[in-house]
Amino acid sequence: MDDYLTPAELKGRVIEQRAALRRNLVNRLFRLGNGVQAQSQQLLSLISDLSLVHFRILLRLSEAGTQNVQGLSELLGANRSLVSRALPDLREKGLIELVKSETDKRQIFVRLTDAGNAVVEEHRAPIRARDQAMRSAFKPEEYEQLVEYFDRLDAITNVPAAEFFHVPDSSDQGDNT
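Rules of the game
Residues numbered from 1 in each chain as written. Predicted model: local features only at pLDDT ≥ 70, side-chain atom pairs only at ≥ 80, totals over all residues. Heavy atoms only, no water. Pairing = 2+ DSSP bridges. Helix = DSSP H or I, 4+ residues; strand = E, 2+ residues; numbered from the N terminus. Core = buried A, V, L, I, M, F, W, Y, C linked by side-chain atoms within 4.5 Å. Buried < 20%, exposed > 50% of the residue type's maximum accessible area, 1.4 Å probe, protein only. Contact = heavy atoms within 4.5 Å. Polar contact = N/O pair within 3.5 Å; in protein donor to acceptor, adjacent residues only side chain to side chain. Axes fitted to C-alpha atoms, helices over the stretch in contact; angles between N-to-C directions. Parallel < 35°, antiparallel > 145°, perpendicular 65-115°, else oblique. Nonpolar A, V, L, I, M, F, W, Y, C, P; charged D, E, K, R; others polar. Patch = residues over 30% accessible without salt bridge, like charges linked within 9 Å, V, L, I, M, F, W, Y side chains within 5 Å. Areas by Shrake-Rupley, 256 points an atom, 1.4 Å probe, with all protein chains shown as cover. Salt bridge = Lys/Arg side-chain N within 4 Å of Asp/Glu carboxyl O. Lys, Arg positive; Asp, Glu negative; His and termini not counted. Charge placed at Lys NZ, Arg CZ, Asp CG, Glu CD.

A.B. asks: Would you mind going over the sheet that holds strand 1 (residues 67-68) with me for this structure?
C.D. replies: Strand pairing in a sheet relies on backbone hydrogen bonds. The paired strands run either parallel or antiparallel. Pairing in this open sheet of three strands is antiparallel, and the strands run 1-3-2 from one edge to the other. Because the sheet does not close on itself, it has two edges, and the strands there are strand 1 and strand 2 (96-100). As defined by bridge partners, strand 1 adjoins strand 3 (residues 108-112) across two bridges and the pair is classed as antiparallel. The residue bridging Asn68 from the neighbouring strand is Phe109, located in strand 3.

This is the structure we're talking about:
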């Protein structure tokens, strides 16, 4: 074990590791997700004090219309508790309404208010500009291929984690004759 590394040696190791991690898909996707999230929060902070979760809820409601908490969670790719915790703040700010179902009082629907819609519209231009910048990095056919690749990766993330642990059985031993 190295007791002491010079700053140049440490920097060299970081450069080596980053080069190795460049081909690690999980690492790249994680870094990309963090980058998009940080940039999105920066875009939001230039105009408002909304959190990214709050804005994503408002944006999905503006695009999909009134939703129940489960449907909203699915659209966001987030768990229900995260969405449920964000709703009271949005209601207090007058950006959403929570409406109980007339047929099933346990069911709550989330509806965007006029004020919530105005907030989404205020943020729409920079969000679209960033989306366009990302799209313009690809030719149309490359972009469609990228979407297909994301679909494949998405399918893998829906596989139960336990399936990635493999216990060899006798058929994995090869031909022992």
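A.B. asks: What is the right way to look at the nonpolar core in this model?
C.D. replies: Side chains of a nonpolar character, in soluble globular proteins, are inclined to be buried together. In terms of nonpolar packing, the biggest core is built from 21 residues, with Ile57, Leu58, Leu72 and Leu87 touching the most fellow members. For this core, the elements supplying multiple residues, two or more each, are helix 3 (52-64), helix 4 (69-76), helix 5 (80-92), strand 3 and helix 6 (114-135). When sequence neighbours within four positions are dropped, the list of residues in contact with Ile57 reads Leu72, Leu76, Val83, Ala86, Leu87 and Leu90.

A.B. asks: I would appreciate a short explanation of the side chain of Asn68 in the present structure.
C.D. replies: On the secondary structure map, Asn68 appears in strand 1. Here the side chain of Asn68 touches Gly71 through a polar contact of 2.6 Å, landing on its backbone nitrogen. With sequence-adjacent residues up to four places away left out, Asn68 is seen in contact with Gln107, Ile108 and Phe109.

A.B. asks: Can you walk me through the environment of Ile47 in this structure?
C.D. replies: Secondary-structure assignment places Ile47 in the loop between helix 2 (25-45) and helix 3. Distance from Ile47 to Arg111, taken between C-alpha atoms, is 23 Å for residues 64 residues apart in sequence. When sequence neighbours within four positions are dropped, the list of residues in contact with Ile47 reads Glu122, His123 and Pro126.

A.B. asks: I tried to follow the packing of helix 3 against helix 4 on my own but got confused; where do I start?
C.D. replies: Packed helix pairs are specified by the crossing angle of their axes together with the interaxial distance, meaning the distance between the axes. Running from N to C, helix 3 and helix 4 point in directions that differ by 105°, and their axes come no closer than 10 Å. In terms of axis orientation, helix 3 runs roughly perpendicular to helix 4. Across from Arg56, Ile57, Arg60, Leu61 and Ala64 in helix 3, the residues of helix 4 making contact are Leu72, Leu75 and Leu76. Classifying every residue of the contact of helix 3 with helix 4 gives six nonpolar, no polar and two charged.

A.B. asks: Please clarify how a negative patch on the surface should be interpreted in this entry.
C.D. replies: A contiguous patch of negative charge on the surface is contributed by Glu144, Glu148, Asp151 and Asp154. With respect to the secondary-structure elements, Asp154 resides in helix 7 (residues 140-157). Here Asp154 falls in the partly exposed class, since its relative accessible area comes to 46%.

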